[in-house]
Amino acid sequence: MTLTRRKVMVMGAGAFVAFGLPLRATAAAEDAIAAFTGGAAIGEGGITLTAPEIAENGNTVPIEVSAPGASQIMVLATGNPTPGVATFAFGALAASQAASTRIRLAGTQDVVAIAKMADGSFVQASSNVKVTIGGCGG
C-alpha cells in the first residue's frame, strides 16, 4: 500500500475524531458538574444509583436514583455528546427523594448521579453501563 497525501489526511482526520471526541465529551461532563456544584467538593455516600451492568439496547436503559434528604439530583451520561440527562428537583412536601427513568446511551460509559443535599453539600454515585450491540457484547 502506498501512502498518498490524501490517505494520510484521511487517517489523521479519523484519528482526531476517534481520540478527540471522547475527551470533549468528558470535558462537557466536567463542565456540567462544575456548573451544578458551583465548584464545591463532592463526597461519597448518601445517594444510590441503580443501573444495569449490561444494557442490550442503548436506546432505553432503565436507571433509578435515590438520595434521602436531597433537594436536587442531576444525572449525567459522561460518554454522550450531550452528557446532561436529567435534573430532578424535590420540594419540601416531596414524599421521597427518588426518581426512575429510561435514558439513552451512545455506548459503553459511566452514568453519574450527583445530589445536592438540604445542607448544601454534594454527594455522587456512578455506575459503568456496558451497551451491547445486537447482543454481541460491548
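Preceding this section is the structure that the text describes.
Residues numbered from 1 in each chain as written. Predicted model: local features only at pLDDT ≥ 70, side-chain atom pairs only at ≥ 80, totals over all residues. Heavy atoms only, no water.

Things to note about the overall build of the chain
This is how the line gets drawn: To qualify as a helix, a DSSP run of H or I must reach at least 4 residues; to qualify as a strand, a run of E must reach at least 2; elements of each kind are numbered from the N terminus. Categorising residues by exposure relies on relative accessible area from a 1.4 Å probe, with only protein chains included: less than 20% of the type maximum marks a residue as buried, more than 50% marks it as exposed, and the intermediate range marks it as partly exposed. By the convention used here, residues are in contact when the closest approach between their heavy atoms is within 4.5 Å. Where accessible areas are quoted, they stem from the Shrake-Rupley method and a 1.4 Å probe; at the residue level, only the protein chains shown are allowed to cover.
For the chain, the count of helices and strands is one helix and nine strands. Its helices and strands taken in sequence order, the chain reads α-β-β-β-β-β-β-β-β-β from the N to the C terminus. Expressed as a percentage of its 138 residues, the buried residues of the chain come to 31%. The long-range fraction of contacts in the chain, counting pairs at least 24 apart against all pairs at least 6 apart in sequence, stands at 61%. Carbon together with sulfur atoms contributes 58% to the accessible area of the chain, which is approximately 8,300 Å² in total.

A word on the sheet that holds strand S4 (residues 61-66)
This is how it is decided: Should DSSP find at least two bridges between two strands, the strands are taken to pair. Throughout, an axis means a line fitted to C-alpha atoms (over the contacting stretch in the case of helices), and angles, computed between N-to-C directions, take values from 0 to 180 degrees.
Read from one edge to the other, the open sheet built from three strands follows the order S2-S4-S7, with strand pairing classed as antiparallel. The open sheet terminates on both sides in strands that have one partner only, identified here as strand S2 (48-50) and strand S7 (98-103). With direction set aside, neighbouring strand axes in the sheet form an average angle of 15°. Sheet topology places S2 next to S4; three bridges connect them, and they run antiparallel.

Some remarks on the packing of aromatic side chains
The condition that has to hold: Centres within 6.5 Å make a pair out of two Phe, Tyr or Trp rings, where for Trp the six-membered ring is used; the pair is then stacked when the planes are under 30 degrees apart, edge-to-face when over 60, and tilted otherwise.
Applying the stated rule across the entire model yields one aromatic pair. Ring plane angle 70° and centroid distance 5.8 Å describe the contact between Phe36 and Phe122, whose orientation is recorded as edge-to-face. Placement of the pair is Phe36 in helix H1 (residues 5-37) and Phe122 in strand S9 (residues 122-131), with a sequence separation of 86 residues.

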